[in-house]
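Below are the chains, spelled out letter by letter.
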Amino acid sequence: MHLGALFIASHVLTSGSVRETARRFQLSPSTVSTAIHNLETELAMTLTERASGELATLIASGRVLEGLEPIMAAISELGQWVGHDGAGAEIDEAWTSRIPVKIVTMERFLEVADQGSINRAARRLRLGQPQLSLQLANLEKFLRHRLFERQALGSVLTEEGRRAYQIFMAISQAWNDLKSSADERYRRTARSLRIGSIIPTGSESWVARCLGSLVSEWNARRNNNAISLVSMTADDLREALKNGRIDVAILDSVFGLESFRHRELLQTDMVVIAPPDSTETSVADLVAGHAICMPSPRTGLGHAAMAFSYERAPNRRRRGQDITAADSLPVIVDLVANHGYVSFLGRVSAMPIADKVRIVDLDEHLPMSYHVAFNHRKAAADACTVIIEAAARITSESVVRTIRPADAGARETAA
């Protein structure tokens, strides 16, 4: 990271505007955006986000700004020393935003100063001596000061070199303090096992109870990987697994996940859930006589339910308000239990809420299955084992297969 880029990023976090910073420093907006992006990458954290076309700084940016304060003070001292302090009180911002000196170059300068020898420093840094000498020469050229006196027994700091040492040491220490926090965040993220699931119908659902069992058993084993949980639609789960935001997905379809390992978690069949005071005895009458709220077509269940309901009532006039798609199963259950709607669920999801809704069998058996899909991490495969075992205990349905260490590889489904 360049000192100029740090100066630019600090101003963006202070002003909250890429364009204002670009105008002030006479830079292109893309250059300013790159500076803030590089800082976010170095610190492994998001500092800004776009909202309605405007840049918004996040809470974390305040802590980063505090950490950048000693670096900005040292950069100001550097500008005054080199002769770019504008009118005297303010530094030349245009020059400062273009300082090409990298932090790694400063740290190599500090190593040479500490070792008293370019040769010894090059060995410790595992660099070629000519390469290190060239970097120091370029640094002296930029600062317009001679930093070392080359002697027979080594290199000794000049008076200007000692001043550069104080400035660069202050920058290096402040930057390492910022980076150490980022490194710890990265280690925590890398250790975390991220589990995504379809949205449970409620705390009593088999999905919620499976996840509860997973967390409890996982932590009881004092596993090194912390568990984090998130619920979303099957479509969103597929995308999250593909782009690496989650490691394991519990979902009702593995369509599009052929390149990931997956297991069938359990089998069930689709049923209708109806208002508890409804009297219709056939699915066709229920579909024809009630507004419908069902899982979104983005889910495997929602897609099948939509097709099934249209087949059972082909002559029904379909008004916009007759069929509502919802990604929230608790909302669907409330609409059925309290507002006269009907919906479709897997039997295993409907049974825990049998006291709230009326469960009606379809006139033909429509099988469904739930799956766990996971990436290459061993911790992900271990979590799948716990999830499948928990599902076997929690539900009365037959679990098609379990993962055993001896034959896990033979039963993987992978591209």
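Scroll up to find the structure.
Below you will find a few notes about this structure. (Residues numbered from 1 in each chain as written. Predicted model: local features only at pLDDT ≥ 70, side-chain atom pairs only at ≥ 80, totals over all residues. Heavy atoms only, no water.)

### Here's the deal with the pattern of salt bridges
Then step 1. Tallying each qualifying case throughout the model produces 11 salt bridges.
Then step 2. Notably, a salt bridge pairs R377 with D247, separated by 3.2 Å at the nearest N-O pair. In this pair, R377 is assigned in the loop between strand 13 (367–374) and helix 16 (378–394) and D247 in the loop between helix 11 (234–242) and strand 7 (248–251), connecting sequence segments 130 residues apart. This pair shows no difference in class: R377 is buried, exactly as D247 is.
Then step 3. Look at the salt bridges and you will find they share partners, linking R194, D247 and R377 into a network. (Salt bridge = Lys/Arg side-chain N within 4 Å of Asp/Glu carboxyl O. Helix = DSSP H or I, 4+ residues; strand = E, 2+ residues; numbered from the N terminus. Buried < 20%, exposed > 50% of the residue type's maximum accessible area, 1.4 Å probe, protein only.)

### What about the pairing of strand 13?
Then step 1. Strand 13 sits mainly inside the fold: seven of its eight residues count as buried.
Then step 2. Bridge analysis of strand 7 against strand 13 gives four bridges, and the strand direction is antiparallel. By the bridge assignment for strand 13, A249 is matched with A373. (Pairing = 2+ DSSP bridges.)

### Some thoughts on helix 7 (residues 118–125)
Then step 1. Where helix 7 is concerned, the buried positions are I118, A121 and A122. All buried residues of helix 7 fall inside an arc of 100° around its axis, so they share one side. Exposed side of helix 7, more than 90 degrees from the buried face: R123 and R124 are the residues found there.
Then step 2. Lining the buried residues of helix 7 we find helix 6 (103–115), helix 8 (129–143), strand 3 (148–151) and strand 4 (154–157).
Then step 3. Of the residues that open helix 7, the one with a side-chain oxygen 3.2 Å from the backbone nitrogen of N119 is S117. (Arc of directions from axis to C-beta. Contact = heavy atoms within 4.5 Å. Polar contact = N/O pair within 3.5 Å; in protein donor to acceptor, adjacent residues only side chain to side chain.)

### With respect to the packing of aromatic side chains
Then step 1. Summed over all chains, the structure comprises five aromatic pairs.
Then step 2. Centre to centre, the rings of F109 and F148 are 5.4 Å apart; their planes meet at 55°, and the pair counts as tilted. Of the two residues, F109 sits in helix 6 while F148 sits in strand 3, which places them 39 residues apart along the sequence. Note on accessibility: F109 and F148 belong to one class, buried.
Then step 3. Ring plane angle 65° and centroid distance 5.0 Å describe the contact between W206 and Y370, whose orientation is recorded as edge-to-face. Within this pair, whereas W206 is found in helix 10 (residues 206–220), its partner Y370 is found in strand 13, the two being separated by 164 residues in sequence.
Then step 4. Taking the relative accessible area as the measure of exposure, W206 reaches 2% and is therefore buried.
Then step 5. Each residue in the set F109, F148 and F168 is aromatic and connected to the rest through ring pairs, giving one cluster. (Phe/Tyr/Trp six-rings, centres within 6.5 Å; stacked < 30°, edge-to-face > 60°.)

### Some remarks on the nonpolar core
Then step 1. Residues L3, L6, L39, F109 and F168 are the most contacted members of the largest nonpolar core, which totals 58 residues.
Then step 2. Contributing elements (two or more residues each) for this core: helix 1 (3–15), helix 2 (18–25), helix 3 (29–43), helix 4 (59–82), helix 6, helix 7, helix 8 and helix 9 (159–191).
Then step 3. The biggest single contributor to this core is helix 4, with 10 residues.
Then step 4. Setting aside chain neighbours within four positions, we find F168 in contact with L78, M106, F109, L110, L139 and L143.
Then step 5. Counting 54 residues, the second largest nonpolar core, distinct from the first, contains V207, L214, A274 and F374. (Core = buried A, V, L, I, M, F, W, Y, C linked by side-chain atoms within 4.5 Å.)

### Some remarks on the environment of E77
Then step 1. Here E77 lies in helix 4.
Then step 2. With 86 residues separating them in the primary sequence, E77 and R163 have C-alpha atoms 10.0 Å apart.
Then step 3. When residues no more than four places from it in sequence are discounted, the contact partners of E77 are R163 and I167.

### Re the packing of helix 7 against helix 8
Then step 1. Two numbers describe how helix 7 lies on helix 8: the axes approach to 9 Å, and their chain directions differ by 110°. Looking at the two axes, helix 7 sits roughly perpendicular to helix 8. The two elements helix 7 and helix 8 cross, and the hand of that crossing is right-handed. Mapping the contact onto sequence places I118, N119, A121, A122 and L125 in helix 7 and Q129, L132, S133 and L136 in helix 8. (Axes fitted to C-alpha atoms, helices over the stretch in contact; angles between N-to-C directions. Parallel < 35°, antiparallel > 145°, perpendicular 65-115°, else oblique. Left-handed = near helix turned anticlockwise from the far one by under 90°.)

### Some points on the packing of helix 1 against helix 2
Then step 1. At a closest axis distance of 9 Å, the pairing of helix 1 and helix 2 adopts a crossing angle of 130°. With respect to helix 2, the element helix 1 is oriented oblique. In this structure, helix 1 meets helix 2 at a crossing whose hand is right-handed. In this structure, helix 1 uses F7, I8, H11, V12 and S15 to contact helix 2, whose residues at the interface are V18, E20, T21, R24 and F25.
Then step 2. Its residues assigned to classes, the contact of helix 1 with helix 2 comprises five nonpolar, three polar and two charged. (Nonpolar A, V, L, I, M, F, W, Y, C, P; charged D, E, K, R; others polar.)

### What about unusual backbone geometry?
Then step 1. At R126, a position not held by glycine, the phi torsion is positive, near 60°.
Then step 2. Residue classification places R126 among the exposed positions, given a relative accessible area of 80%.
Then step 3. Of note in the backbone geometry, R144 takes a positive phi value of approximately 65° without being a glycine.
Then step 4. With respect to the helices and strands, R144 occurs in the loop between helix 8 and strand 3.

### Re the side chain of E140
Then step 1. Mapped onto the elements of the fold, E140 is located in helix 8.
Then step 2. You can call E140 buried: its relative accessible area is 12%.
Then step 3. In this structure E140 touches H145, R146, L147, F148 and R150, once residues within four positions along its chain are discounted.

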